Amino acid sequence: RAKAIEGKMDFGEVAALYSDDPNGKERMGSLGKIKRENVVKAFADVAFALHVDEISPVIETQFGYHVIKRNQ
């Protein structure tokens, strides 16, 4: 999160370098368009509360730790 916020690297570059999720690395952190009902509640609650270009705090779900950036 700190690397993404400081702005020296693009969020996608940070995701590609630090994500433990192979799909996260390959897609540079992009999930594409998501629907609230297609993700776990803890993730959805944070993701849908963000403003465009805002980066979330680190959140934990049953799938691990996440940092979310809303881009649209």
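Computed from a predicted model, the values in this text were never measured in an experiment. (Residues numbered from 1 in each chain as written. Predicted model: local features only at pLDDT ≥ 70, side-chain atom pairs only at ≥ 80, totals over all residues. Heavy atoms only, no water.)

Student: Residue-level account of the side chain of Ser 56, with values.
Tutor: Topologically, Ser 56 is positioned in the loop between helix H4 (41-47) and strand E1 (59-61). The buried category is assigned to Ser 56, whose relative accessible area is 0%. Discounting residues that sit within four places of it in the chain, Ser 56 has contacts with Arg 1, Val 46, Leu 50, His 66, Val 67 and Ile 68. (Helix = DSSP H or I, 4+ residues; strand = E, 2+ residues; numbered from the N terminus. Buried < 20%, exposed > 50% of the residue type's maximum accessible area, 1.4 Å probe, protein only. Contact = heavy atoms within 4.5 Å.)

Student: Describe unusual backbone geometry, naming the residues involved and giving the relevant values.
Tutor: Here the phi dihedral of Met 28 falls at roughly 55°; this positive angle occurs in a residue that is not glycine. Along the polypeptide, Met 28 turns up in the loop between helix H3 (22-26) and H4.

Student: With reference to specific residues and values, describe the confidence of the model for the protein.
Tutor: Overall, the prediction assigns the protein a mean pLDDT of 92, with 100% of residues at 70 or greater. Ranking the elements of the protein by mean pLDDT puts H3 last with 81 and H4 first with 97. (pLDDT = per-residue confidence, 0-100.)

Student: Tell me about the nonpolar core, residues and numbers included.
Tutor: The biggest cluster of nonpolar side chains holds six residues, and these are Phe 43, Val 46, Ala 47, Leu 50, Ile 59 and Ile 68. In terms of residue count, H4 provides more of this core than any other element does, three residues in total. Not counting the four nearest positions on each side in its chain, Leu 50 is found in contact with Ile 55, Ser 56, Ile 68 and Arg 70. (Core = buried A, V, L, I, M, F, W, Y, C linked by side-chain atoms within 4.5 Å.)

Student: Provide a residue-level description of the pattern of salt bridges, including the pertinent values.
Tutor: Considering all chains together, one arrives at two salt bridges under this definition. Its salt-bridge partner being Arg 36, residue Asp 45 comes within 3.1 Å of it at the nearest N-O pair. In this structure, Lys 41 and Asp 45 form a salt bridge, with 2.6 Å as the shortest nitrogen-oxygen distance. Pair noted here: Lys 41 and Asp 45 are both in helix H4, with a separation of four residues, about one helical turn. Assessed through its relative accessible area of 61%, Lys 41 is described here as exposed. Connected through shared salt-bridge partners, Arg 36, Lys 41 and Asp 45 make up one network. (Salt bridge = Lys/Arg side-chain N within 4 Å of Asp/Glu carboxyl O.)

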